[in-house]
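Listed here are the chains, written in short residue letters.
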Amino acid sequence: MAENKNILSGIKSSIFKEDKLLAILIDPDKFLIENTASFIAKINASIATHIFVGGSTVEVDATEALVKEIKNHTTLPVILFPGDVTQITNEADGLLFLSLISGRNPEYLIGKHIEAVSKLKKNNLEVIPTGYILIESGKIIAVQRVTNTQPISQNSINQITNTAKAAELLGMQLVYLEAGSGAKYAVSEEIIKAVKAILNIPLIVGGGIRSKKQLESAYIAGADLVVIGTAFEEDETFFNQIKK
Ligand code: 1GP
């Protein structure tokens, strides 16, 4: 399995330089492929550093076609953030190999990963083991429904920090604090701060971030990479606020 190792090392060197990272999430299920050129042009003109592609329920092959088209329009790294094994495609640069460690559903802790191996043998994606922690956010989100797991309460800060640290001790390379796509409340600054304080690996935060102010607060609290999807899906003028 040939692998290039640029994405994770790029994230780590940005952290070293105190540069903050922003990933725009594109859900193939909610995105019209014919809008790719104009949408990606806006991403290219913004401070975004990564493009994530994925969703909870995506039609088979839709991810591959979309990733191919995105790659025609940008040099930013395109990273799969898959809701399912069917979304893995060699057209992308990397893959967040997510383990849903806030839940106790064995399928999302190890089952899907075993299923993915036969697909990964055939490609050279940079596979990045990621501890994925779902945090309660005021409404039932798609991940919760699809995976049949419960998020951790925003009040259980010890449980959240211990879960994140366990991911690091297990050898995972990233921790992703997820409030869920379209979340009512984003992950609180208090949680981000507490996790950042005990973690020695990069910290991703996403879900429910809809303004530049919230983005900056997440960075100040300690997020190394923030993921935003819904806010751009709903209003592309938001790109005007985050121009380079
Ligand atoms: C969802 O964290 C991402 O998995 C982004 O969430 O769509 O709410 O920005 P939003």
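Residues numbered from 1 in each chain as written. Predicted model: local features only at pLDDT ≥ 70, side-chain atom pairs only at ≥ 80, totals over all residues. Heavy atoms only, no water.

### Thoughts on the overall build of the chain
Piece 1. Secondary structure assignment for the chain yields nine helices and eight strands.
Piece 2. For the chain, the C-alpha radius of gyration of 17 Å lies close to 18 Å, the compact-globule estimate for 244 residues.
Piece 3. Taking all 244 residues of the chain together, the buried fraction comes to 52%.
Piece 4. Put simply, of all contacts in the chain between residues at least 6 apart along the chain, 72% involve residues at least 24 apart.
Piece 5. Total accessible area on the chain is roughly 11300 Å²; 52% of this is exposed by carbon and sulfur atoms. (Helix = DSSP H or I, 4+ residues; strand = E, 2+ residues; numbered from the N terminus. Rg over C-alpha atoms; globule rule 2.2 N^0.38 Å. Buried < 20%, exposed > 50% of the residue type's maximum accessible area, 1.4 Å probe, protein only. Contact = heavy atoms within 4.5 Å. Areas by Shrake-Rupley, 256 points an atom, 1.4 Å probe, with all protein chains shown as cover.)

### A short note on the packing of aromatic side chains
Piece 1. All told, the structure shown has eight aromatic pairs when counted by the stated rule.
Piece 2. Between the aromatic rings of phenylalanine 31 and phenylalanine 39, the centroid separation amounts to 5.2 Å while the plane-to-plane angle is 65 degrees, which identifies the pairing as edge-to-face. Considered together, phenylalanine 31 and phenylalanine 39 belong to a single accessibility category, that of buried residues.
Piece 3. Ring centres 5.7 Å apart and planes at 80 degrees place the aromatic pair phenylalanine 81 and tyrosine 132 in the edge-to-face group. Note that phenylalanine 81 is positioned in the loop between strand 3 (78-80) and strand 4 (94-100) and tyrosine 132 in strand 5 (residues 126-134), a separation of 51 residues in sequence.
Piece 4. The rings of Phe31, Phe39, Phe232, Phe238 and Phe239 are connected pair by pair, giving a single aromatic cluster. (Phe/Tyr/Trp six-rings, centres within 6.5 Å; stacked < 30°, edge-to-face > 60°.)

### A short note on the UniProt feature "binding site: Mg(2+)" (unreviewed entry) in the chain
Piece 1. Here, the residues flagged by UniProt with the feature "binding site: Mg(2+)" (unreviewed entry) are Asp27 and Ser56. Considering the C-alpha atoms alone, the annotated residues occupy 30 residues of sequence yet fold into one spot, their largest mutual distance being 8.5 Å.
Piece 2. As for its position among the elements, aspartate 27 is in the loop between strand 1 (21-26) and helix 2 (36-44).
Piece 3. On the accessibility criterion, aspartate 27 (11% relative accessible area) is buried.
Piece 4. Residues within four places of aspartate 27 in sequence aside, it is in contact with Gly54, Gly55, Val58 and Glu233.
Piece 5. Relative to the helices and strands, serine 56 is located in the loop between strand 2 (50-53) and helix 3 (62-71).
Piece 6. For serine 56, a relative accessible area of 23% gives the class partly exposed.
Piece 7. Contacts of serine 56, omitting those with residues within four sequence positions, involve Gly83, Ala142, Val143 and Val146. (UniProt positions renumbered as here; feature names shortened; annotations may be inferred.)

### A short note on the UniProt feature "binding site: sn-glycerol 1-phosphate" (unreviewed entry) in the chain
Piece 1. In the numbering used here, UniProt assigns the "binding site: sn-glycerol 1-phosphate" (unreviewed entry) feature to Tyr176, Leu177, Glu178, Ala179, Gly180, Ser181, Gly182, Gly207, Gly208, Gly229 and Thr230.
Piece 2. Topologically, glycine 180 is positioned in the loop between strand 6 (174-178) and helix 7 (189-198).
Piece 3. Classification of glycine 180 as buried rests on a relative accessible area of 0%.
Piece 4. In contact with glycine 180, other than residues within four places in its own chain, are Ile141, Gly206, Gly207 and Gly208.

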